[in-house]
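# Summary of structural features
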Amino acid sequence: MTTTTHPRSGATHDGVPHYPVHRNLSPCPAEQRQQVLDAPRFGTRFTDHMARARWTPDTGWADRRVEAYGPLRLDPAAAVLHYGQEIFEGLKVYRHGDGSVWAFRPALNAARFAASARRLALPELDTDDFLASIAALVNADVDWVPTLPGSSLYLRPFMIASEAFLGVRPAAQVDYLVIASPAASYFGGGFEPVSIWVADGQHRAGPGGTGAAKCGGNYAASLLPQQQAAEHGCDQVCFLDAATNTLLEEIGSMNVLVVTDDGTVHTPELSGTILSGVTRRSVLDLLREQGRTVSERPIPLAEVREGLREGTVTEVFACGTAAVITPIGRLAGAGFDLTVGDGSPGPITSALHATLTGIQYGTSADVHGWMRRLV
Ligand SMILES: *Cc1c(COP(=O)(O)O)cnc(C)c1O
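Every chain's residues receive numbers from 1 upward, in the order its sequence appears when written. In keeping with the model being predicted, local features are shown solely for residues with a pLDDT of at least 70 and side-chain atom pairs are shown and tallied solely at 80 or more, while totals for entire chains, interfaces and linings include all residues. Excluded from the side-chain calculations are hydrogens and water; all other atoms, namely the structure's heavy atoms, are used.

Here we come to the overall build of the protein chain. A run of DSSP states H or I qualifies as a helix once it reaches four residues; a run of E qualifies as a strand once it reaches two. Both are numbered from the N-terminal end. Of regular secondary structure, the protein chain possesses eight helices and 17 strands. Relative to the compact-globule value of 21 Å for 375 residues, the protein chain shows a C-alpha radius of gyration of 21 Å, a close match. Any residue under 20% of the maximum accessible area for its type is buried, any over 50% is exposed, and the rest in between are partly exposed; the area is computed with a 1.4 Å probe on protein chains only. Each of the 375 residues in the protein chain was classed as buried or not, and the buried ones make up 53%. Any two residues having at least one pair of non-hydrogen atoms within 4.5 Å are treated as being in contact. The contacts of the protein chain with a sequence gap of at least 6 include a subset with a gap of at least 24, amounting to 71%. Charge assignment: positive for Lys and Arg, negative for Asp and Glu; neither His nor the chain ends contribute. Where a charge lies is defined by one atom per residue type, namely NZ (Lys), CZ (Arg), CG (Asp) and CD (Glu). Seen as two clouds, the 30 positive and the 39 negative side-chain charges of the protein chain have centres 5 Å apart. Computation of the radius of gyration draws on C-alpha atoms alone. For the globule rule, the value is 2.2 Å times the number of residues to the power 0.38.

Written out as structure tokens, the structure reads:
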């Protein structure tokens, strides 16, 4: 898709989409903002601005702008409220020691957003457009990027079917928005292993479904199994594949990896029901560079259970933007309850966390060119 040249699009002559800033006239007072930044609680407070654009078949993407953060005007018949035609992304921007602000591989989020849009019959947004929207928002709200160690500004781009129409077909009016929320270090200093409950007979995605798209509907389906995991005393839920109920898929909103005693790292292949994580891809890139064998394949739960009992599975961890790397200390489910290694984070898990966060916070060299400067 090329950038629209419609007069209301805000596109500049060189074709780079432009998000003009309409300043919030009553921004959060600096003192209050500082209180939020000193103790961010994920997803509870948002910055002064949001980026947005609107799509219709006639205009293409148009009305790009950054404006005051605030409630949406949405018709009660808006299609998203009835049929869930919605997608989202999640990425963080990091403050470096010199004050500059950087995003981690945001073009991969842009590409995934476009892929999710295709699956949900939503209009695609160009990578340039996606990157311009986040850069404009982060520049407008740069004072909201925290400086505490391990903190970041979490960006949530999303797209909703806003057409007021109850017929079942792709909406002819779609809104794109980006909101931002300061986030603290996920582990609050410690690097604590979590416990996992393997969902028994409930799935987040099936073959041919929307599992590979980042859409709200997948999350709605995951809430009850997550609640059941908590009832079993576990932090997170692990889903098995819907077709056979035997293969590992994902852990909550993270991809899962298993390390065996020969140093090989195994992870479920992207079979169409699994979300292709930016963190997953980066972890696999780093491991291959280090000369490790990486095996992307179907992973039976039975194999992992046996490996844990026999000691041939040495580490299990999950990865995703929120926590980067999450060590798993315990794997339980109907009829089993197993400790991973001695229950503490393993060496490969810990090293990956250090390497990735070093690149993200600019304390290690970004030899891959993964970081993109926004401010
Ligand atoms: C977002 C997400 C992930 C992790 O992807 P990252 O790009 O690494 O943050 C994994 N699984 C699901 C279901 C997700 O929605």
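It is worth spelling out the confidence of the model for the protein chain at this point. Detailed reading of the predicted coordinates is not advisable wherever pLDDT falls low. Confidence scores here are pLDDT values: one per residue, from the predictor, ranging 0 to 100. Summary statistics for the protein chain give a mean pLDDT of 95 and a share of 96% for residues scoring 70 or more. This stretch, residues 1-10, has a pLDDT under 50; its non-local contacts, to residues over four places away or in other chains, come to 27 contacts.

Looking now at the site of the ligand. Around the ligand, the surrounding shell holds 14 residues, and the nearest of these are Lys214, Tyr219, Glu250, Thr279 and Thr321. Within the side chain of Glu250, one N or O atom sits 2.5 Å away from a nitrogen atom of the ligand. Contributing elements (two or more residues each) for the shell around the ligand: β11 (254-260) and α6 (278-289). The classification used treats Ala, Val, Leu, Ile, Met, Phe, Trp, Tyr, Cys and Pro as nonpolar, Asp, Glu, Lys and Arg as charged, and all other residues, Gly among them, as polar. The class makeup of the residues in the shell around the ligand is four nonpolar, six polar and four charged. By convention in this text, a residue qualifies as near a molecule or strand provided that one of its non-hydrogen atoms is within 4 Å of it. Contacts described as polar in this section are N or O atom pairs within 3.5 Å, which, within protein, must combine one atom able to donate a hydrogen with one able to accept it, while residues neighboring in sequence count only if both atoms come from side chains.

A cluster of nonpolar side chains, contributed by Leu72, Leu74 and Leu81, occupies part of the molecular surface with about 230 Å² of accessible area. Relative to the elements of secondary structure, Leu74 occurs in the loop between β2 (60-68) and α2 (79-83). When its relative accessible area of 31% is taken as the criterion, Leu74 is described as partly exposed. To count toward a patch, a residue needs a relative accessible area above 30% and no salt bridge. Like charges then connect within 9 Å, nonpolar side chains (Val, Leu, Ile, Met, Phe, Trp, Tyr) within 5 Å. Accessibility throughout is a Shrake-Rupley quantity obtained with a 1.4 Å probe, and a residue counts as covered only by protein chains that appear here. Salt-bridge detection follows one rule: a side-chain nitrogen of Lys or Arg within 4 Å of a carboxyl oxygen of Asp or Glu.

The element strand β9 (residues 236-240) is extensively covered by neighbouring structure, given that five of its five residues are classed as buried. On β9, burial covers both faces: Gln236, Cys238 and Leu240 on one face and Val237 and Phe239 on the other are all buried. Both strand β8 (residues 194-198) and β9 contribute to a ladder of three bridges, which runs parallel. Considered in β9, the bridge of Val198 is made with Cys238. Whether two strands pair depends on DSSP finding at least two bridges between them.

A few words now on the nonpolar core. Residue types Ala, Val, Leu, Ile, Met, Phe, Trp, Tyr and Cys, when buried and joined through side-chain atoms within 4.5 Å, form a set referred to as a nonpolar core. Of all hydrophobic cores here, the largest spans 42 residues; its most connected members are Val93 and Tyr176. Counting residues per element, this core draws most heavily on helix α4 (residues 127-140), at nine residues. Ignoring any residue separated from it by four or fewer positions in sequence, one finds Tyr176 in contact with Tyr19, Ala51, Arg52, Ala53, Trp61, Phe113, Leu125, Phe130, Ser133, Pro157, Phe158 and Met159. One finds Val265, Val283, Cys319 and Ile359 within the second-largest nonpolar core, a separate group that totals 26 residues.

Glancing now at unusual backbone geometry. Although it is not a glycine, Asn245 sits at a positive phi angle of roughly 55°. Within the secondary structure layout, Asn245 lies in the loop between β9 and β10 (248-251). For Asn245, a relative accessible area of 28% puts it in the partly exposed group. With a phi close to 65°, Val324 is a non-glycine residue in the positive phi region. Note that Val324 resides in strand β15 (residues 324-333). Val324 gets classed as buried once you look at its relative accessible area, which sits at 7%.

Paired rings are identified among Phe, Tyr and Trp, the last through its six-membered ring, by centres lying within 6.5 Å, and are further divided according to the angle between planes into stacked (under 30 degrees), edge-to-face (over 60) and tilted (the rest). The full count for this structure, using the stated rule, is eight aromatic pairs. For the pair Phe46 and Tyr69, a centre-to-centre distance of 5.4 Å together with 0° between the ring planes defines the contact as stacked. Within this pair, whereas Phe46 is found in the loop between α1 (30-38) and β1 (49-56), its partner Tyr69 is found in the loop between β2 and α2, the two being separated by 23 residues in sequence. For Phe46, a relative accessible area of 24% gives the class partly exposed. Residues Phe88 and Tyr219 carry aromatic rings whose centres are separated by 5.3 Å and whose planes lie at 65° to one another, so their mutual orientation is edge-to-face.

Turning our attention to the packing of helix α3 (residues 106-119) against α4. Helix-helix packing is described using two parameters, namely the angle between the two axes and the distance between the axes. Lines fitted to C-alpha atoms define the axes, with helix axes restricted to the stretch in contact, and inter-axis angles between N-to-C directions lie between 0 and 180 degrees. The contact between α3 and α4 brings their axes to 9 Å, and the two run at 125°. The orientation of α3 with respect to α4, classified from their angle, is oblique. In the crossing of α3 with α4, the sense of the turn from one axis to the other is right-handed. Here α3 contributes Pro106, Ala107, Asn109, Ala110, Ala111 and Phe113 to the contact with α4, which in turn contributes Thr127, Phe130, Leu131 and Ile134. Angle categories are assigned with fixed cut-offs, so that under 35 degrees is roughly parallel, over 145 is roughly antiparallel, 65 to 115 is roughly perpendicular, and the rest are oblique. In this scheme, a crossing is called left-handed if the near helix is turned counterclockwise away from the far one by less than a right angle; it is called right-handed if the turn is clockwise.

UniProt tags Lys214 as "modified residue: N6-(pyridoxal phosphate)lysine" (unreviewed entry). Following the sequence through the fold, Lys214 ends up in the loop between β8 and α5 (216-231). Each residue touching Lys214, except ones within four places of it in the same chain, is listed here: Ile87, Phe88, Glu89, Gly90, Arg112, Ser116, Tyr219 and Leu275. UniProt positions are given in the numbering used here, feature names are shortened, and annotations may be inferred rather than shown by experiment.

Taken N-terminus to C-terminus, the directions of α6 and helix α8 (residues 347-360) make an angle of 105°; their axes are 11 Å apart at the nearest point. Taken together, the axes of α6 and α8 lie roughly perpendicular to each other. Contact residues: Thr279, Ser282, Val283, Leu286 and Leu287 in α6; Ile348, Leu352, Thr355 and Leu356 in α8. Among the residues forming the contact of α6 with α8, the class breakdown is six nonpolar, three polar and no charged.

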